[in-house]
2 protein chains.
Amino acid sequence: MAAAVSKISMDFITRLNLQNPHDVKPVNGGDTNATYSLYSGDKRYFLKVQPNQDRHYFDHEVASLKALSEWVKVPKVMKQGENQGSAYLLMNWIETGSNNQSALGEALAKLHHAKGKAFGFEVNADNDYFPKNNTWSSSWGEFFVHQRLEPLMALAKKQALWLNQRGDHFENLKKTILADDHVRQVEPSLLHGDLWAGNFMFDTNDQPVFIDPNSFYGNREYDLAVSKVFPGFNEDFYSSYEAAYPLEDGYQDRFKWYEFYYVLLHFVRFGDIYAPRLNRLLISF
Amino acid sequence: MAAAVSKISMDFITRLNLQNPHDVKPVNGGDTNATYSLYSGDKRYFLKVQPNQDRHYFDHEVASLKALSEWVKVPKVMKQGENQGSAYLLMNWIETGSNNQSALGEALAKLHHAKGKAFGFEVNADNDYFPKNNTWSSSWGEFFVHQRLEPLMALAKKQALWLNQRGDHFENLKKTILADDHVRQVEPSLLHGDLWAGNFMFDTNDQPVFIDPNSFYGNREYDLAVSKVFPGFNEDFYSSYEAAYPLEDGYQDRFKWYEFYYVLLHFVRFGDIYAPRLNRLLISF
């Protein structure tokens, strides 16, 4: 019956103070937001609503969009606020064009060429289901292990005792990452931070648009490894990325660390259906 | 991060035995299904996946689509099955055209002119979060009270004790419905059964397509009342429906019963954000 955590009321729309809102229609509903298309005059907008959150809920997304907008196309933020106890974010509407994976690979390479001074971000992403501590760190290994892997595993252990029996594999993984040569030398790239196929689209010029970013400066292999966890990217994407910004030797082995983290995130959020995949990864460490 | 209960693996796609599946991409994710667009050859398909369910999970939807297809446009079912412990439904892809609410109103009127011999349906819809007992009944009042309202309220009481204090209003509502003259005379129309704005679209000829039906033969006022609970329908819709199949006097009062049921459904599923609206309705009975 329902296709979103919260369907919003017409009353909610009215309170946005838009001139003559009309043709209000739910779109791309997700389990994390209620999402609507609507017009004001002849301009079309995209509305995201998160129930039971204050206006700061979208702060990290807004900061991510701003950082990305210097390098790649993203939606424009029109309004951010709070309404009837729910956070909302109003963006311009982007009409959809055709799949253009080569352009997507090039755009991602361009984004990854944007370098930061350290690993982390100006805003924490702890307004989601998982706290993501973006405090700046000079070491990618320390950042990924202490500010990503360990807090998430602590949450997983709280919810899923079976992981306690697998402590050695997890400890091995952390040691491997912290001792790795590539990890010690890597530069901080601006990342999308949640690069699965639900988080990009193409405009009517078939140019990629990045949406729902969860950005930080990190190892670019993170974005690429995450892209492989679920279907949606094809060879054109990977070969155009590789042509624009070649990966370094041994990336296949390192991808498994980031894949493990991303599958763990889904395991904690959605449960057992991700357990077999998580186990397969963990025992290889 | 996630936009669906379950993102599916490429392995899942491969097991569907489609010729050369490609351009697999999540779309319109909902909290009840993972949904994907994919191509096989140059044909595009829409895939719905429900984790941890067997192949019968989509039986009621398939039967609903079949019933509706005689009267209005719906997606075509290509394959139904079970894969890696998840139920799936593969349908043809429908390209989206422009909003055409007049045509939507006419199409719904056409659907409602399709009459059954009794209230109910050939398949129960108990594969969802809520059991919906579609056993045939000769009385709309009995069907709506005993096979819809009461089982749902029992579920609500189990989860939300505050409703116990409101027993009188609910008892009054049931008595009113069972004693109502209009209810006694109404004919069984084929209903969409979950008519909110996420459940219709328009094809490239701007013709309405009904999706995600939860059909049964019932009072057509049910579909119309449900359409008013969330935004997405406009005056063109209601006036073209009214022109094609006028409503009977007093419908505004009766709509409140169905609105109450639909809000209760959302309250049971999504909780407190629906409580104020539910209370406002209940105390008016």
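About the criteria used
- Residues numbered from 1 in each chain as written.
- Chains lettered and ligands numbered in written order.
- Predicted model: local features only at pLDDT ≥ 70, side-chain atom pairs only at ≥ 80, totals over all residues.
- Heavy atoms only, no water.
- pLDDT = per-residue confidence, 0-100.
- Helix = DSSP H or I, 4+ residues; strand = E, 2+ residues; numbered from the N terminus.
- Expected span 1.5 Å × (residues − 1).
- Bend = angle between axes of the 7 residues up to and from the residue.
- Buried < 20%, exposed > 50% of the residue type's maximum accessible area, 1.4 Å probe, protein only.
- Polar contact = N/O pair within 3.5 Å; in protein donor to acceptor, adjacent residues only side chain to side chain.
- Salt bridge = Lys/Arg side-chain N within 4 Å of Asp/Glu carboxyl O.
- Phe/Tyr/Trp six-rings, centres within 6.5 Å; stacked < 30°, edge-to-face > 60°.
- Pairing = 2+ DSSP bridges.
- Axes fitted to C-alpha atoms, helices over the stretch in contact; angles between N-to-C directions.
- Parallel < 35°, antiparallel > 145°, perpendicular 65-115°, else oblique.
- Left-handed = near helix turned anticlockwise from the far one by under 90°.
- Contact = heavy atoms within 4.5 Å.
- Nonpolar A, V, L, I, M, F, W, Y, C, P; charged D, E, K, R; others polar.

- Chain A is annotated in an unreviewed UniProt entry as Fructosamine-3-kinase of Fructobacillus tropaeoli.

1. Some remarks on the confidence of the model for chain A
Right, on to step 1. In this model, chain A carries a mean pLDDT of 91, and residues with pLDDT of at least 70 account for 95%.
Right, on to step 2. Both scores are available for the predicted complex, with the pTM at 0.88 and the ipTM at 0.83.

2. Some remarks on helix H4 (residues 140-159) of chain A
Residue and element names in this part refer to chain A.
Right, on to step 1. Relative to the 28 Å expected for 20 residues at 1.5 Å per residue, H4 spans 27 Å between its end C-alpha atoms, a close match to the ideal helical length.
Right, on to step 2. In the structure, H4 departs most strongly from a straight axis at Leu149, where the bend amounts to approximately 30° and where the proline Pro151 lies between one and four residues downstream.
Right, on to step 3. For H4, the set of buried residues is Trp140, Gly141, Phe143, Phe144, Val145, Gln147, Arg148, Leu149, Leu152, Met153 and Ala156.
Right, on to step 4. Between a side-chain oxygen at the N-terminus of H4 and the backbone nitrogen of Gly141 the separation is 3.3 Å; the capping residue is Ser139.

3. Concerning the pattern of salt bridges
Residues and elements named next belong to chain A.
Right, on to step 1. Inspection of the entire model under this criterion finds 18 salt bridges over all chains.
Right, on to step 2. Residues Lys174 and Glu171 are paired through a salt bridge, measuring 3.4 Å at the closest nitrogen-oxygen approach. In this pair, Lys174 and Glu171 are both assigned in helix H5 (residues 167-179), three residues apart and thus about one turn of the helix distant.
Right, on to step 3. With a relative accessible area of 11%, Lys174 lands in the buried category.
Right, on to step 4. Owing to a relative accessible area of 35%, Glu171 belongs among the partly exposed residues under this scheme.
Right, on to step 5. Beyond isolated ion pairs, a larger network of salt bridges with shared partners links Lys48, Glu61 and Asp212.

4. Side note on the packing of aromatic side chains
Residue and element names in this part refer to chain A.
Right, on to step 1. All told, the structure shown has 58 aromatic pairs over all chains when counted by the stated rule.
Right, on to step 2. Between Trp140 and Phe143, the ring centres sit 5.9 Å apart and the planes meet at 20°, which makes this aromatic pair stacked. Placement of the pair is Trp140 and Phe143 together in helix H4, with a separation of three residues, close to one helical turn.
Right, on to step 3. Here the aromatic cluster, defined as three or more aromatic residues joined through ring pairs, consists of Phe119, Trp140, Phe143, Phe144, Phe216, Tyr222, Trp257, Tyr258 and Tyr261.

5. Points about the pairing of strand E5 (residues 86-92) of chain B
All names here are of chain B.
Right, on to step 1. The element E5 is extensively covered by neighbouring structure, given that six of its seven residues are classed as buried.
Right, on to step 2. Two elements, strand E3 (residues 43-51) and E5, share seven bridges in a ladder whose sense is antiparallel. Bridging from a neighbouring strand, Tyr45 pairs with Asn92 of E5.
Right, on to step 3. Strand direction decides the pairing type here: strand E4 (residues 77-83) and E5, joined by six bridges, are antiparallel. By the bridge assignment, Gly81 is partnered in E5 with Tyr88.
Right, on to step 4. Linking E4 to E5, which pair antiparallel, is a turn of two residues; within it Gln84 sits at a positive phi near 50°.

6. What about the sheet that holds strand E3 (residues 43-51) of chain A?
Residues and elements named next belong to chain A.
Right, on to step 1. With respect to topology, five strands assemble into an open sheet ordered E1-E2-E3-E5-E4, the strand pairing being antiparallel. Either end of the sheet is taken by a strand with one partner, and the two such strands are strand E1 (21-26) and strand E4 (77-83). If you compare each strand with its neighbour and ignore which way they point, the axes differ by 25° on average.
Right, on to step 2. Pairing geometry for E1 and strand E2 (residues 34-40), over four bridges, is antiparallel.

7. Describing the packing of helix H3 (residues 101-112) of chain B against helix H8 (residues 235-244) of chain B
Residues and elements named next belong to chain B.
Right, on to step 1. Interhelical geometry of H3 versus H8 gives an angle of 40° and a closest axis separation of 7 Å. By the angle between their axes, H3 is oblique relative to H8. When the axes of H3 and H8 are compared, the crossing they make is right-handed. On the side of H3, the interface is formed by Gln101, Ser102, Leu104, Gly105, Glu106, Leu108, Ala109 and His112, while H8 contributes Asp236, Phe237, Ser240, Tyr241 and Ala244.
Right, on to step 2. Of the residues assigned to the contact of H3 with H8, the class counts are six nonpolar, five polar and two charged.

8. Considering the environment of Val24 of chain A
Right, on to step 1. Turning to its location among the elements, Val24 of chain A is positioned in strand E1.
Right, on to step 2. Residues Val24 of chain A and Ala109 of chain A, 85 residues apart in the sequence, show an inter-C-alpha distance of 36 Å.
Right, on to step 3. If we ignore the near neighbours within four places in the chain, the residues touching Val24 of chain A are Met10, Ile13, Tyr36, Ser37 and Leu38 of chain A together with Pro231 and Gly232 of chain B.

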